[in-house]
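What follows is each chain in one-letter form.
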Amino acid sequence: MAAAHPILELSRGSVIEATHFGSIAVVDSSGKLLHSYGDPDTAAFLRSSAKPFQAIPFVEQGGVEHYNYTQAELAISCASHETAQLHLDTVQGMQVKIGIQEQYLQCGPHLPGDAAKLREVIRKDIHPTANFNNCSGKHTTMLAFAKMRGLPLENYLSFDHPIQKDILKTFSEMCGMGMDKIQLGIDGCSAPNFAIPLVNAALGMARICDPRDLSEARATACKKITTAMTTHPEMISNYGEFDCELMKIGAGKIVTKRGAEGFQIIGLMPGVYGENGVGIAFKVTDGDASRMNDNLESSARVRPAITLEILNQLKALNEAQLQSLARFGPAKILKNYAGIVTGKSQPVFRL
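Residues numbered from 1 in each chain as written. Predicted model: local features only at pLDDT ≥ 70, side-chain atom pairs only at ≥ 80, totals over all residues. Heavy atoms only, no water.

**Student:** Please explain the overall build of the protein as it appears in this structure.
**Tutor:** Counting its regular elements, the protein contains 13 helices and 13 strands. Computed over its C-alpha atoms, the radius of gyration of the protein comes to 20 Å, within 12% of the 20 Å expected for a compact globule of 351 residues. Viewed in the frame of its principal axes, the protein has a C-alpha envelope of about 65 × 55 × 35 Å. Here the protein, with 351 residues, has 54% of them falling under the buried criterion. Within the protein, contacts between residues at least 6 apart in sequence are counted, and of these 65% link residues at least 24 apart. Carbon and sulfur atoms provide 51% of the accessible area of the protein, an area that totals close to 14,500 Å². Distance between charge centroids for the protein: 2 Å, based on 34 positive and 35 negative side chains. (Helix = DSSP H or I, 4+ residues; strand = E, 2+ residues; numbered from the N terminus. Rg over C-alpha atoms; globule rule 2.2 N^0.38 Å. Buried < 20%, exposed > 50% of the residue type's maximum accessible area, 1.4 Å probe, protein only. Contact = heavy atoms within 4.5 Å. Areas by Shrake-Rupley, 256 points an atom, 1.4 Å probe, with all protein chains shown as cover. Lys, Arg positive; Asp, Glu negative; His and termini not counted. Charge placed at Lys NZ, Arg CZ, Asp CG, Glu CD.)

**Student:** Whenever I open this one, the sheet that holds strand β6 (residues 192-197) confuses me. Can you help?
**Tutor:** Through backbone hydrogen bonds, the strands of a sheet pair up, either in parallel or in antiparallel fashion. Taking strand neighbours across the sheet as the criterion, the three strands line up as β4-β6-β5 in an open arrangement whose pairing is antiparallel. Either end of the sheet is taken by a strand with one partner, and the two such strands are β4 (43-45) and β5 (183-186). Taken pair by pair, the neighbouring strands of this sheet meet at an average axis angle of 30 degrees, ignoring direction. When β4 meets β6, the two strands line up antiparallel, connected through three bridges. (Pairing = 2+ DSSP bridges. Axes fitted to C-alpha atoms, helices over the stretch in contact; angles between N-to-C directions.)

**Student:** Help me understand helix α7 (residues 162-175), please; the structure alone is not making it clear to me.
**Tutor:** Note on helix geometry: an α-helix contains 3.6 residues per turn, so any two residues three or four positions apart are oriented the same way. Counted at 1.5 Å a residue, the expected span for α7 with its 14 residues is 20 Å, and the 20 Å between its end C-alpha atoms agrees. Residues of α7 that are buried include every one of I163, Q164, I167, L168, T170, F171, S172, M174 and C175, and no others. Tucked into the core, α7 has its buried residues touching α1 (51-60), α6 (136-148), β5, β6, α8 (198-209) and α9 (216-231). One or two positions beyond α7, positive phi appears at G176, with a value near 65 degrees. (Expected span 1.5 Å × (residues − 1).)

**Student:** Mind showing me how you'd approach the nonpolar core here?
**Tutor:** Soluble, globular proteins show a tendency: their nonpolar side chains are buried together. With 68 residues, the main nonpolar core has L46, F53 and Y69 as its most contacted residues. With eight residues, the single largest contributor to this core is α8. The contact partners of Y69, leaving out residues within four places of it in the chain, are F58, V64, L74, S77, M94, K97, I98, T141 and A144. Among the nonpolar cores identified, the runner-up in size contains 28 residues, and I7, Y37, L246 and F349 belong to it. (Core = buried A, V, L, I, M, F, W, Y, C linked by side-chain atoms within 4.5 Å.)

**Student:** How do you make sense of the environment of D39 when you look at a structure like this?
**Tutor:** With respect to the helices and strands, D39 occurs in the loop between β3 (33-37) and β4. Along the primary structure D39 and I24 are separated by 15 residues, whereas in three dimensions their C-alpha atoms are 7.0 Å apart. When neighbours within four sequence positions are excluded, D39 is seen to be in contact with A3, S23 and L198.

**Student:** Honestly, the pairing of strand β13 (residues 341-347) in this entry has me stumped. Any pointers?
**Tutor:** Two faces, one strand: in a regular strand the side chains alternate between the faces of the sheet. Note: strand β1 (residues 5-12) against β13, five bridges, orientation antiparallel. Residue pairing for β13: E9 is matched across the bridge by Q346. Of the pairings in the sheet, the one linking strand β12 (residues 332-335) to β13 comprises four bridges and is antiparallel in character. Bridge pairing in β13 links L334 to G343. With antiparallel pairing between neighbouring strands as the criterion, β12 and β13 make up a hairpin whose turn holds five residues, including G339 at a positive phi of roughly 85 degrees.

**Student:** Before we go on, may I ask you to explain unusual backbone geometry in this structure?
**Tutor:** Apart from glycine, the bulk of residues carry a negative phi angle, and the bulk of peptide bonds sit in the trans form. A cis geometry characterises the amide bond from G329 onward to P330, with omega recorded as 5 degrees. Following the sequence through the fold, P330 ends up in the loop between α13 (319-324) and β12. Unusually for a residue other than glycine, D125 sits at a positive phi of about 55 degrees. Positionally, D125 belongs in the loop between α5 (115-124) and α6.

**Student:** Would you explain the packing of aromatic side chains in this entry?
**Tutor:** Working definition: an aromatic ring pair is given by the centre-to-centre distance plus the angle between the planes. Tallied over the entire structure, the rule returns eight aromatic pairs. Taking 5.3 Å as the distance between ring centres and 90 degrees as the angle between the ring planes, the aromatic pair formed by F53 and F171 counts as edge-to-face. Taken together, the positions of F53 in helix α1 and F171 in helix α7 put the pair 118 residues apart, joining distant regions of the chain. (Phe/Tyr/Trp six-rings, centres within 6.5 Å; stacked < 30°, edge-to-face > 60°.)

**Student:** It is not clear to me how the pattern of salt bridges should be interpreted in this structure. Could you clarify?
**Tutor:** Pairs may arise between side chains of opposite charge once their charged atoms sit close together. Inspection of every chain in the model, using the stated rule, returns 16 salt bridges. Two residues, E120 and K117, come together in a salt bridge whose shortest N-O distance is 3.2 Å. One end of the pair, E120, and the other, K117, are both in helix α5, three residues apart, so they sit about a helical turn from each other. Residue D166 pairs with R149 through a salt bridge whose shortest N-O separation is 2.6 Å. Here D166, found in helix α7, pairs with R149, found in the loop between α6 and α7; they are 17 residues apart in sequence, far enough to count as distant. Three or more residues joined by partner-sharing salt bridges are found here, namely E60, K169, E173 and R218. (Salt bridge = Lys/Arg side-chain N within 4 Å of Asp/Glu carboxyl O.)

Rendered as structure tokens:
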């Protein structure tokens, strides 16, 4: 992270009070590095930004047809949902369809991110279960993948489990990096996760959005995933959350997926920025921890603003689209609890 550069600044009055650092890579589906900032070779864990990649083998091997998945169910398989009731109902419905129980999930529980559900949990003293985990859709589909192939369910998260080997192999191929070069770790939900350079992560996302050079089965899987994500962005996060709102505005042309600790990945369909698909990956060095407001709504300070500034510099969003997302940035006026303007936050990079 030594080469990370200033990426967003917050000022109070005329003084720069806080500076966030990061690195960015913009790559097209041919593998060409189009733009960068900081160190595009920075290696970082994708965290939940890996979820679209993790779904590919399941889809490629016929899982959608085997279980008759809806687009919403495929979308939540790639999601960091906020545990709204809509998300809980969808995951529970998938488990009935697959023939598994919630207790099979090894992701662990946590409090919901959805404000209405969080209030209900507090008011009724509900103890969250595994389906409340924002990765429960991914885990449900991993179990479905194992069950479809007649494989053990109890160790589905083991690095040596056949489905995890398939996921790693697919991820390696999509990102143009040998499996032996990918650094492995355990995610917050206990599933295997991958650290690779930003340029490789961006390449993988570009290929998901533009799979013309992939096998027919893989290209079809990629198209099913991107279509599901952009058709049901409310499953990827939640209504009102940045990933959801950006994909709604993008109208099928932009795919995005946040990851923990300041990672973000974005894909542009062919024609949005040149004739090839484009992948964008960036890492905020300090992790960009989310913050909760008085309405129990959580949001990230840095990633939405940086994403919008990147898309603005690439002219991938028009003025009307940018205006509709202005509450997320790129630049924001900062106010205190009394509503008095105290300063501003703004991106400070040029690709």
